[in-house]
Amino acid sequence: DENKTNDPRAWALSSGVPEALRILRSMRERQGERIDGNTLVFVDDEGKPMDEGKAAQRYRAHLLAAGITREVLFERNESRQPIRLHDTRATFITVALANGKNEAWVQDRTGHRSSVMINRYRRAARTVSELRLGDFRRLDEALGIKE
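Residues numbered from 1 in each chain as written. Predicted model: local features only at pLDDT ≥ 70, side-chain atom pairs only at ≥ 80, totals over all residues. Heavy atoms only, no water.

Caption draft 1: Geometry of the pattern of salt bridges. Taken as a whole, this structure holds ten salt bridges when the rule is applied. For Asp-36, the salt bridge goes to Arg-34, with nearest N and O atoms at 3.3 Å. Residue Glu-46 pairs with Lys-48 through a salt bridge whose shortest N-O separation is 3.5 Å. (Salt bridge = Lys/Arg side-chain N within 4 Å of Asp/Glu carboxyl O.)

Now the structure itself:
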């Protein structure tokens, strides 16, 4: 109910998200973990809450583990910084616009209040569309988890 703009948002999750969460919960229960309404879904390697200060470092490590090794994503110089977890927000907006989602749909999910901000992503969205890269896969499919 609280965020940095003091403008709470709600929307319907895509169908793969609740399914992925249900499967992850079930997997943890089968491993003997007791799950209740206060159990965190995403935790660090020790089962503790994630340290936000280490999110970018952890994200880059996961990209490398997944075989994503484009040097430009990891370099730091005067004009570039390594990819951050927050950069996935720009990817979300770009892919949504490329796949026909309108500005209101994007704003409902991201909290952007101006067309100016959304328009910053339109050029990249046109490229994604022209390359026919498509939309994101369902989360449960992307994670490769099924029951």
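This is not the end of the story, as more comes after the structure.
Caption draft 2: Examining helix H5 (residues 103-110) more closely. Turning to H5, its buried residues are Glu-103, Val-106, Gln-107, Arg-109 and Thr-110. Axial view of H5: buried residues confined to an arc of 170°, hence all on one face. Those residues of H5 that are buried are in contact with helix H4 (87-98), helix H6 (115-119) and helix H7 (122-130). Of the residues flanking the start of H5, the one acting as N-cap is Asn-102, its side-chain oxygen 3.1 Å from the backbone nitrogen of Ala-104. Where H5 ends, the next residue or the one after it, Gly-111, has phi of about 85°, a positive value. (Buried < 20%, exposed > 50% of the residue type's maximum accessible area, 1.4 Å probe, protein only. Helix = DSSP H or I, 4+ residues; strand = E, 2+ residues; numbered from the N terminus. Arc of directions from axis to C-beta. Contact = heavy atoms within 4.5 Å. Polar contact = N/O pair within 3.5 Å; in protein donor to acceptor, adjacent residues only side chain to side chain.)

Caption draft 3: The packing of H4 against H5, seen in detail. As a packed pair, H4 and H5 sit with axes 10 Å apart at the nearest point and diverge in direction by 160°. Here H5 runs roughly antiparallel to H4, going by the angle between their axes. Here H4 and H5 pass one another in a crossing that is right-handed. Between H4 and H5, the residues in contact are Arg-89, Phe-92, Ile-93, Ala-96 and Leu-97 and Trp-105, Val-106, Arg-109 and Thr-110, respectively. (Axes fitted to C-alpha atoms, helices over the stretch in contact; angles between N-to-C directions. Parallel < 35°, antiparallel > 145°, perpendicular 65-115°, else oblique. Left-handed = near helix turned anticlockwise from the far one by under 90°.)

Caption draft 4: Local environment of the environment of Arg-113. Topologically, Arg-113 is positioned in the loop between H5 and H6. The spacing of Arg-113 and Thr-5 is 108 residues in sequence and 9.8 Å in space, taken between C-alpha atoms.

Caption draft 5: Representation of the packing of H4 against H7. Following both chains from N to C, one finds H4 and H7 inclined at 60°, their axes separated by 8 Å at the closest point. Between H4 and H7, the interaxial angle falls into the category oblique. Here H4 runs over H7; the crossing is right-handed. Residues Thr-94, Leu-97 and Ala-98 of H4 touch H7, and the partners they reach there are Arg-122, Ala-124, Ala-125, Val-128 and Ser-129. For the contact of H4 with H7, the residue count by class is five nonpolar, two polar and one charged. (Nonpolar A, V, L, I, M, F, W, Y, C, P; charged D, E, K, R; others polar.)

Remember, this is a structural readout, not a statement about activity or role.
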